[in-house]
Amino acid sequence: MMEITSEKIRKKINRLKAKVISDDLIKKYYDELPLREELYNIEQLENHARLLAEKQETITTIGEDKLLKRLSENETILIEVYDLLVSTLKKKLRIVPAGEWLIDNFYLIEEQIRIAKHHFPRNYSRELPHLKNDPLKGYPRVYGIAFELIAHSDGLLHRNSLNSFISAYQTLTELKIGELWAIPIMLRLALIENLKRVAVR
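No experiment lies behind these values; they were computed from the predicted model shown.

**Student:** Kindly report on the pattern of salt bridges, identifying the contributing residues and their values.
**Tutor:** In the structure shown here, the tally under the stated rule is six salt bridges. One salt bridge in this structure joins Lys 117 and Glu 75, with 2.5 Å as the shortest N-O distance. Taken as a pair, Lys 117 in helix H5 (residues 106-119) and Glu 75 in helix H3 (residues 67-90) lie far apart in primary sequence, 42 residues in all. When its relative accessible area of 24% is taken as the criterion, Glu 75 is described as partly exposed. Between Glu 179 and Arg 141 there is a salt bridge, with the nearest N and O atoms lying 2.7 Å from each other. On the criterion of sequence distance, the pair formed by Glu 179 in helix H8 (residues 177-200) and Arg 141 in helix H6 (residues 141-151) is long-range, its members being 38 residues apart. The exposure class of Glu 179 is buried, given its relative accessible area of 0%. Residue classification places Arg 141 among the buried positions, given a relative accessible area of 7%.

**Student:** I'd like a rundown of the environment of Leu 45, residues and numbers included.
**Tutor:** Among the structural elements, Leu 45 can be located in helix H2 (residues 42-55). C-alpha of Leu 45 to C-alpha of Phe 165: the two residues are 120 residues apart in sequence and 5.9 Å apart in space. Each residue touching Leu 45, except ones within four places of it in the same chain, is listed here: Tyr 40, Leu 149, His 152, Ser 161 and Phe 165.

Definitions and cut-offs
- Residues numbered from 1 in each chain as written.
- Predicted model: local features only at pLDDT ≥ 70, side-chain atom pairs only at ≥ 80, totals over all residues.
- Heavy atoms only, no water.
- Salt bridge = Lys/Arg side-chain N within 4 Å of Asp/Glu carboxyl O.
- Helix = DSSP H or I, 4+ residues; strand = E, 2+ residues; numbered from the N terminus.
- Buried < 20%, exposed > 50% of the residue type's maximum accessible area, 1.4 Å probe, protein only.
- Contact = heavy atoms within 4.5 Å.

Here it is, written out as structure tokens:
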């Protein structure tokens, strides 16, 4: 018969506490699946960009500035997940390799969040064309473009695929100078969003 010790009981309680916290996170953000769609090669990305340009409708009136608020929310959730993982390790409980990666690289994530906050002027996104008929309705069109590129490249971005995607999109719909300027920051914001979605799960 297995001996029940206070140490075993403590570990079981800690495991249950961690599960309750992680279950709460999953319930709150359950509908937000990671950005993972069918992987496309460059030719498929170009075709997808043209289809996207055809179907996306925009409004040009000044929109709500949702991006910085979303970034702050993502930062809070990533810190919450990081703290949960660290406390789990301190209690000598095992975590998945992806959790270990998050702990080891959290300083890089924080750095990217700082860069995004620093380089994205407050209210800048309000002046960009916003999506009218998309799951990202109300967000800047260029943010939707970044979402699609990340989803169909599994977040592995290369200059060639980025250039091909944007060029193909513009064969049907020309992007504004402000949107082209914002592409790097939108990719960073979309990657942080995706990382948060993966971290929650």
